[in-house]
Amino acid sequence: MKVVLPGGTGQVGMILDRALTAAGHEVTVVTRRPVRAHDIGWDGATLGHWAAAIDGCDVVINLAGRSVSCRYTAENLQAMMDSRVDSARVVGEAIAAAARPPRVWLQMSTATVYAHRFDAAHDEATGMIGGSEAGVPDYWAYSVEIAKNWERAQAEAPTPATRKVALRSAMVMSPDRGGVFDVLSRLARFGLGGPVAGGAQYVSWIHDEDFVRAVEFLISRDDLEGPVNLASPGPLPHRDFMRALRTAWGVPVGLPATRWMAEVGAYALRSDTELLLKSRRVVPGRLHAAGFAFAYSEWERAAASLVQRARLLRAASSRAGGPSSHAV
């Protein structure tokens, strides 16, 4: 199978690149900074020679977009919007122009499209789209607009021969350096992994192995199109999420943080508190209905698996005498 990964050099892209290549598929990564033999350069907004890789491929998985790990300034929010919408639009143009278009286009989206809430969980059929919640920062609504416009760019692309799926993904947990699991693990290991702002806000997540399996499942299922939630069936409050992570690392105590402490910490890390404070209670309604079985449906087991892999990677890095790009 020939797979094209626009934006495939980020954390999720590296996970898919490794897994699909290991499974024997031919993977081409479309990136702004091509350095490897299977990389092709692009600017993320205009058609170019890279589009030839899409003509004749089997699957496109578009992951392109500016990282959300930044301060949510007006400039950065606009860059998030432009990079996502422009890349989805131009991928659609490449597919529409292809003599042999791919049979499926998986477009990265985000579970952030759903409303901040603590009561009912969001599935694709009954979930509440966010943007009008009371008592949350105004700019949170812009994050929802980014997600909506991202999905709209794919939905409106004139690609009748190509099935389209929008991946409303929760946080993908893997031991890769710089990923969300890496950051949270460092906090837990240093005794700072307590609840933030009380810890009642829900955390939705998906183990990287289940993410890959879900992507492969969606590629194989010709009857599935439109938005699909990629999230474990076990979202849980932040306080319980961090407690399980501390347990997996063998750390008995985690200092709690107030909202203002979270603001200070996020500023120091050049990130934003929305990533910590928004309650994302998302469940995989369509995957479950289609018969997909999660290997890691509960966070306690997933955290133990990820910590074990992280320790093995750290040990391998130590024996090699240098840092590993995938170590925690």
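**Q** Describe the overall build of the chain, with residues and values.
**A** What the chain contains, in helices and strands, is eleven helices and eleven strands. Relative to a compact globule of 328 residues, whose C-alpha radius of gyration would be 20 Å, the chain shows 19 Å and is just as compact. Counting only C-alpha atoms, the chain reaches 60 × 50 × 40 Å along its principal axes. By residue count, 51% of the 328 residues in the chain fall in the buried class. When the accessible surface of the chain is split by element, carbon and sulfur atoms take 56% of a total near 14200 Å². Charged side chains of the chain number 36 positive and 33 negative; the gap between the two group centres comes to 6 Å.

**Q** Can you break down the environment of Pro 101 residue by residue, with the values?
**A** With respect to the helices and strands, the residue Pro 101 is situated in the loop between helix H3 (74-97) and strand S5 (104-108). The partly exposed category is assigned to Pro 101, whose relative accessible area is 29%. Along the chain, Pro 101 and Gly 254 lie 153 residues apart, while their C-alpha atoms are 51 Å from each other.

**Q** Explain the packing of aromatic side chains residue by residue, including any values.
**A** Enumeration over the complete set of coordinates arrives at six aromatic pairs. Residues Trp 42 and Trp 50 carry aromatic rings whose centres are separated by 5.0 Å and whose planes lie at 75° to one another, so their mutual orientation is edge-to-face. Accessibility assignment for this pair places Trp 42 and Trp 50 in one class, buried. Measuring from ring centre to ring centre gives 6.5 Å for Phe 181 and Trp 299, while their planes differ by 75°; the resulting arrangement is edge-to-face.

Parameters and conventions
- Residues numbered from 1 in each chain as written.
- Predicted model: local features only at pLDDT ≥ 70, side-chain atom pairs only at ≥ 80, totals over all residues.
- Heavy atoms only, no water.
- Helix = DSSP H or I, 4+ residues; strand = E, 2+ residues; numbered from the N terminus.
- Rg over C-alpha atoms; globule rule 2.2 N^0.38 Å.
- Buried < 20%, exposed > 50% of the residue type's maximum accessible area, 1.4 Å probe, protein only.
- Areas by Shrake-Rupley, 256 points an atom, 1.4 Å probe, with all protein chains shown as cover.
- Lys, Arg positive; Asp, Glu negative; His and termini not counted.
- Charge placed at Lys NZ, Arg CZ, Asp CG, Glu CD.
- Phe/Tyr/Trp six-rings, centres within 6.5 Å; stacked < 30°, edge-to-face > 60°.

Fair warning: the whole summary comes from geometry, so function is off the table for now.
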